[in-house]
Amino acid sequence: MAIAAFDFSNAFDTLGVEELVLKLRSLNVGQGAVLWFRDYLSGRVQRVRYGSATSTLRRVSFGVPQGSLLGPVLFTVLTSDLPAALGGGVNVTLYADDTCLWCAAKDPAIVKRKLELAASRLFSYALDNSLALNPAKTQLVWSSNPSPISVGITVVNPQEELLLLGVRFDRKHSINPHLRALAGTARSLLALTRRLLLHLPRGQQVQDIVRSLVVGQLGYGGVLFPPGSPLRTPQASLCRASRPRSMTWHGSCAVSPVLTGCRWSNYWQLLGCHR
């Protein structure tokens, strides 16, 4: 089995207006909505100011306005026909501008051939839709018998780990690399918390600061943890972090000793947790 994750360079900035209009119509979006989106994305200009110098206005022909909440949605519309364009033979997972292909077979040569064919089609699809695929940032992980694949004119070599949506997996498809990184993050955040306690009185203010720093970090990717795991929800992970066996996953991760050594239990009341 092999997994390939592809990167579109500046995906939301290269979105083509006319290509999007065609996709909206193919999805049977009403004419009024189509014209609204065309107007929203057309006729924009920009300029650069550096110190007291200002450039002339330049027309913006591609992309969505910076900071627009519609960016991921419109990109999803634009690439809605991507799985069909790749044909069969591989599995496709899309999330906004992240595209992941994976294929499994007993013969590694078949996996390689199918992935390279899908990658070639993806490269052509990007050109046809005014998108910039960056083969140099393609990630490739094999569960066994690793070998490189070609993406365009670039040869992509296999790696030991794969980073998908902020969660790192190893060749065995486990999240142990993510948990190891999580342990390091927890130690750093706890050290920061200790320093805050030297300067701020314990109470709601410190509690809010610690929650904003810690909960999101420890809870990210929690849906991937096994059911019943104390890491599955950030609140539970904070409350149980000092229990040596509660933070392990398949008995092969060092998260528990790290968090235990950091003495998270000293901060239970600060965080509003209870034994």
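Please read all numbers here as calculations on a predicted model, not as lab measurements.

**Considering the packing of aromatic side chains**
Reasoning step 1: Inspection of every chain in the model, using the stated rule, returns four aromatic pairs.
Reasoning step 2: A ring pair is formed by Phe8 and Phe75, whose centres lie 5.9 Å apart and whose planes are at 65°; its orientation type is edge-to-face. Residue Phe8 is located in the loop between strand S1 (2-7) and helix H1 (17-26), and its partner Phe75 is located in helix H3 (residues 70-78); the two are separated by 67 residues in the primary sequence. Here the two residues Phe8 and Phe75 agree in accessibility, since each one is buried.
Reasoning step 3: Here Trp36 and Tyr40 contribute two aromatic rings whose centre-to-centre distance is 5.3 Å and whose plane-to-plane angle is 10°, an arrangement assigned as stacked. Placement of the pair is Trp36 and Tyr40 together in helix H2 (residues 31-41), with a separation of four residues, close to one helical turn.
Reasoning step 4: Residue Tyr40 is classed as partly exposed on the basis of its relative accessible area of 25%.
Reasoning step 5: Each residue in the set Phe8, Phe12 and Phe75 is aromatic and connected to the rest through ring pairs, giving one cluster.

**Some details on the nonpolar core**
A general tendency of soluble globular proteins is for nonpolar side chains to be buried together.
Reasoning step 1: Within the largest apolar cluster, 37 residues are counted, with the highest numbers of intra-cluster contacts made by Phe6, Phe8, Leu15, Leu20, Leu115 and Leu140.
Reasoning step 2: Counting residues per element, this core draws most heavily on helix H5 (residues 108-128), at seven residues.
Reasoning step 3: When residues no more than four places from it in sequence are discounted, the contact partners of Leu140 are Ala2, Ile3, Ala4, Leu115, Ser147, Pro148, Ile149, Val156, Asn157, Pro158 and Gln159.

**Side note on the packing of H1 against H2**
How two helices pack is summed up by the angle between their axes together with the distance between the axes.
Reasoning step 1: Direction vectors running N to C along H1 and H2 enclose 165°, while the axes themselves pass 10 Å from each other. Put simply, H1 runs roughly antiparallel to H2. As for how H1 packs across H2, the hand of that crossing is right-handed. In this structure, H1 contributes Val17, Glu18, Leu20, Val21, Leu24 and Arg25 to the contact, and H2 contributes Gln31, Val34, Phe37, Arg38 and Leu41.
Reasoning step 2: Classifying every residue of the contact of H1 with H2 gives seven nonpolar, one polar and three charged.

**Comments concerning the confidence of the model for the chain**
Reasoning step 1: Per-residue confidence for the chain gives a mean pLDDT of 76; residues scoring 70 or more make up 77%.
Reasoning step 2: Per-element averaging of pLDDT across the chain places helix H9 (residues 255-261) at the bottom with 42 and strand S4 (residues 53-54) at the top with 93.

**Quick notes on H3**
Reasoning step 1: Among the residues of H3, Gly71, Leu74, Phe75, Val77 and Leu78 are the ones counted as buried. Along H3, the residues classed as buried sweep out an arc of 155° about the axis, all on the same side.
Reasoning step 2: Where H3 is buried, its residues meet H1, H2 and H5.

**Regarding the pairing of strand S8 (residues 139-142)**
Reasoning step 1: By the alternation rule, side chains of S8 split into Gln139 and Val141 and Leu140 and Trp142, which are all buried.
Reasoning step 2: When S1 meets S8, the two strands line up antiparallel, connected through four bridges. In the sheet register, Ala2 faces S8, and the bridge partner there is Trp142.

**Let's talk about the sheet that holds strand S6 (residues 91-95)**
Reasoning step 1: Strand order in the open sheet made by the four strands is S6-S7-S1-S8, with antiparallel pairing throughout. On the outer flanks of this sheet lie S6 and S8, each paired with one strand and no other. The mean inter-strand angle of the sheet, taken between neighbouring strand axes irrespective of direction, is 15°.
Reasoning step 2: Sheet analysis places S1 next to strand S7 (residues 98-103), joined by six bridges and oriented antiparallel. By the bridge assignment, Ala4 is partnered in S7 with Leu101.
Reasoning step 3: The strands touched by H5 within the sheet are S1, S7 and S8, with S7 carrying the most contacts at an inclination of about 150°.

Conventions adopted
- Residues numbered from 1 in each chain as written.
- Predicted model: local features only at pLDDT ≥ 70, side-chain atom pairs only at ≥ 80, totals over all residues.
- Heavy atoms only, no water.
- Phe/Tyr/Trp six-rings, centres within 6.5 Å; stacked < 30°, edge-to-face > 60°.
- Helix = DSSP H or I, 4+ residues; strand = E, 2+ residues; numbered from the N terminus.
- Buried < 20%, exposed > 50% of the residue type's maximum accessible area, 1.4 Å probe, protein only.
- Core = buried A, V, L, I, M, F, W, Y, C linked by side-chain atoms within 4.5 Å.
- Contact = heavy atoms within 4.5 Å.
- Axes fitted to C-alpha atoms, helices over the stretch in contact; angles between N-to-C directions.
- Parallel < 35°, antiparallel > 145°, perpendicular 65-115°, else oblique.
- Left-handed = near helix turned anticlockwise from the far one by under 90°.
- Nonpolar A, V, L, I, M, F, W, Y, C, P; charged D, E, K, R; others polar.
- pLDDT = per-residue confidence, 0-100.
- Arc of directions from axis to C-beta.
- Pairing = 2+ DSSP bridges.

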